[in-house]
Amino acid sequence: MIEKTIKFIKQLYNTDNFIALHSPVFIGNEKKYLNDCIDSTFVSYIGKYVTKFEEMTAKYTGSNYAIAVVNGTTALQIALNLLGVEDGDEVITQPLTFVATANAIKHAGGEPVFVDVDIDTLGMSPNKLEDFLKKNCEIRNELCYNKYSKKKIKAIVPMHTFGFPVRIKEIISIANKYHIKLVEDSAESLGSFYEGQHTGTFGEIGILSYNGNKVITTGGGGIILTNNKDLAQKAKHITTTAKIPHKWEYVHDMVAYNYRMTNVTAALGVAQMENLNEFLENKRKTAEQYDKFFTNSEYRLIKSPLNVITNNWLNTIQVSNKIVRDEFLEKTNNVGIMTRPVWQLMNKLEMFKNCFKGNLDNSVWLADRLVNIPSGFRK
């Protein structure tokens, strides 16, 4: 089956040369807007492209506000701080995620707590979440406390893995029941919709990422999404060194961050957003070809069981066991087809191995069996 898959991927991308997992594509006004940005001399965070990129993103996602920052990690850090996460507070997330999720929790002062994922969505399991909270937590003065660590659980951060939406409405219902704030890590899911609503817009606040391997890229960048005007204003303020607006005075009213996206970066983003629908349609067709190929095969192409539209960011297959997974990875990469396993589970990493966690059987099972296969733009 490995050899058949290699042959199919080469035919799909119509090349015997190296095939990347997901490369950036620049087919629009990127150079034009970059030149315009350079000619204007506004290359830092003040400039028309930052505003334009924020407006385009807010309109596309249906969010009232979008605040552009330097990357998705800082977006998540600020989002957690905005919702009151302080030093020592616990933040529940999933172990099956990119390290930036757990890093951002630590940067915000929080301590990650790991709750298992669902096998079918690859994202946080509402059932596992509720079971964890029932067994380990108690409510006092409308705050949720971990009975064993004695720490407050301030936030829940589900992540839409590979662009597949989690059961977000169920998770929000549980979060509300236990008086816990929710931040959506939608770093990978620009273009994904759950029951007609864009990911990142269900809770009080969500984030997007524009790293070089995402559906669209700004080279590096992130967005904070919210419908709350006060949160939006504060997000912009504390990511712009908390400078009080004035024509010439430099007055800052709190310790803050220099996290705003630059105009140069945003110029790329504006050009990329203009072609977002084309990129998504191209990726949808690729996913359909994979679906036909893997139907009735010994490998299973991951597809969402929910009423969703996924952005098909990274096509993912599930194989029978870790031995098959490792053989698949070795043979495909040896012939120039970039494939990758899922990330090392967060609770397995040295810096997070002592974090509080629930039963993680699903995450462990998936980590041994998932493989990302080439998913980039096909010409």
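What counts, and at which threshold
- Residues numbered from 1 in each chain as written.
- Predicted model: local features only at pLDDT ≥ 70, side-chain atom pairs only at ≥ 80, totals over all residues.
- Heavy atoms only, no water.
- Helix = DSSP H or I, 4+ residues; strand = E, 2+ residues; numbered from the N terminus.
- Rg over C-alpha atoms; globule rule 2.2 N^0.38 Å.
- Buried < 20%, exposed > 50% of the residue type's maximum accessible area, 1.4 Å probe, protein only.
- Areas by Shrake-Rupley, 256 points an atom, 1.4 Å probe, with all protein chains shown as cover.
- Pairing = 2+ DSSP bridges.
- Contact = heavy atoms within 4.5 Å.
- Axes fitted to C-alpha atoms, helices over the stretch in contact; angles between N-to-C directions.
- Parallel < 35°, antiparallel > 145°, perpendicular 65-115°, else oblique.
- Left-handed = near helix turned anticlockwise from the far one by under 90°.
- Nonpolar A, V, L, I, M, F, W, Y, C, P; charged D, E, K, R; others polar.
- Expected span 1.5 Å × (residues − 1).
- Core = buried A, V, L, I, M, F, W, Y, C linked by side-chain atoms within 4.5 Å.
- Polar contact = N/O pair within 3.5 Å; in protein donor to acceptor, adjacent residues only side chain to side chain.
- Salt bridge = Lys/Arg side-chain N within 4 Å of Asp/Glu carboxyl O.

Here we take up the overall build of the protein chain. In terms of regular secondary structure, the protein chain is built from 12 helices and 16 strands. Relative to the 2.2 N^0.38 estimate, which gives 21 Å for 379 residues, the radius of gyration of the protein chain is 21 Å and therefore close to what a compact globule would have. Overall, the C-alpha framework of the protein chain stretches about 65 × 60 × 35 Å when taken along its three principal axes. Taking all 379 residues of the protein chain together, 54% fall into the buried category. Surface accessibility of the protein chain: about 16,900 Å² in total, with carbon and sulfur atoms responsible for 49%.

With antiparallel pairing, the four strands of this open sheet are ordered in space as β12-β14-β16-β15. Taken across any chain shown, the strands that pair with only one partner, and hence form the sheet edges, are β12 (300-301) and β15 (340-341). Pairing of strand β14 (residues 315-318) with strand β16 (residues 370-373) involves four bridges; the strand directions are antiparallel. Its bridge partner being in β16, Asn-315 is matched across the sheet by Ile-373. Where helix α11 (residues 322-334) meets the sheet, its contacts fall on β14, β15 and β16, and the angle it forms with β16 comes to roughly 20°.

Right, let's talk about the sheet that holds strand β8 (residues 193-194) for a bit. Each strand in a sheet pairs with another by means of backbone hydrogen bonds, the pair being arranged parallel or else antiparallel. Strand order across the open sheet formed by three strands is β9-β8-β13, with antiparallel pairing between neighbours. Only two strands of the sheet have a single partner each, and these edge strands are β9 (197-198) and β13 (308-309). Judged from the two bridges that link them, β8 and β13 form a sheet pairing that is antiparallel. Bridge pairing links Tyr-194 to Val-308 in β13.

The next subject is the packing of helix α6 (residues 126-136) against helix α7 (residues 168-177). Running from N to C, α6 and α7 cross one another at 15°; their axes reach a closest spacing of 9 Å. The angle between α6 and α7 places the two elements in the roughly parallel class. Seen from above, α6 lies across α7 with left-handed handedness. Judged by residue contacts, Pro-126, Leu-129, Glu-130 and Leu-133 of α6 engage Glu-170, Ile-171, Ile-174 and Lys-177 from α7. Class assignment for the residues of the contact of α6 with α7 results in five nonpolar, no polar and three charged.

Below, the discussion takes up helix α3 (residues 48-61). When the terminal C-alpha atoms of α3 are compared, their 20 Å separation across 14 residues agrees well with the 20 Å that a helix rising 1.5 Å per residue should span. By the burial criterion, the buried members of α3 are Tyr-49, Val-50, Phe-53, Glu-54, Met-56, Thr-57, Ala-58 and Thr-61. Structurally, α3 contributes buried residues whose contacts are with α2 (30-40), β1 (65-69), β9, β10 (205-209), β11 (222-226) and α9 (263-274). Taken from the residues just after α3, Gly-62 is the one with a positive phi, measuring 80°.

What follows covers the nonpolar core. Counting residues in hydrophobic clusters, the biggest one holds 42 residues, and the most contacted among them are Phe-53, Leu-122, Phe-162, Ile-216 and Ile-223. Broken down by secondary-structure element, the contributors of at least two residues to this core are α2, α3, β1, β11, α9, α10 (276-294) and α12 (361-367). Dropping the residues within four chain positions of it, Phe-162 is found in contact with Leu-122, Glu-188, Asn-311, Trp-313, Leu-314, Thr-316, Val-342, Trp-343 and Asn-372. Core analysis: the next-biggest nonpolar cluster, separate from the first, contains 26 residues, Leu-76, Leu-80, Ala-104 and Ile-205 among them.

Turning our attention to the packing of helix α1 (residues 2-12) against α11. It is the contact of α1 with α11, at a shortest axis distance of 10 Å, that shows an interaxial angle of 40°. In terms of orientation, α1 lies oblique with respect to α11. Remark: the crossing between α1 and α11 carries right-handed chirality. On α11, the residues touching Ile-2, Glu-3, Thr-5 and Ile-6 of α1 are Glu-327, Phe-328, Lys-331 and Thr-332. Split by residue class, the contact of α1 with α11 holds three nonpolar, two polar and three charged.

Summarising the element assignment, Thr-217 is placed in the loop between β10 and β11. A polar contact is formed between the side chain of Thr-217 and the backbone oxygen of Tyr-210, at a distance of 3.0 Å. If we ignore the near neighbours within four places in the chain, the residues touching Thr-217 are Pro-24, Phe-26, Tyr-210, Asn-211, Gly-212, Leu-268 and Gln-272.

With that out of the way, let us pick up the pattern of salt bridges. Within this structure, the stated rule accounts for 20 salt bridges. Notably, a salt bridge pairs Lys-48 with Asp-36, separated by 3.0 Å at the nearest N-O pair. Remark: Asp-36 occurs in helix α2 and Lys-48 occurs in helix α3; sequence separation between them is 12 residues. Note on Asp-36: relative accessible area 29%, which makes it partly exposed.

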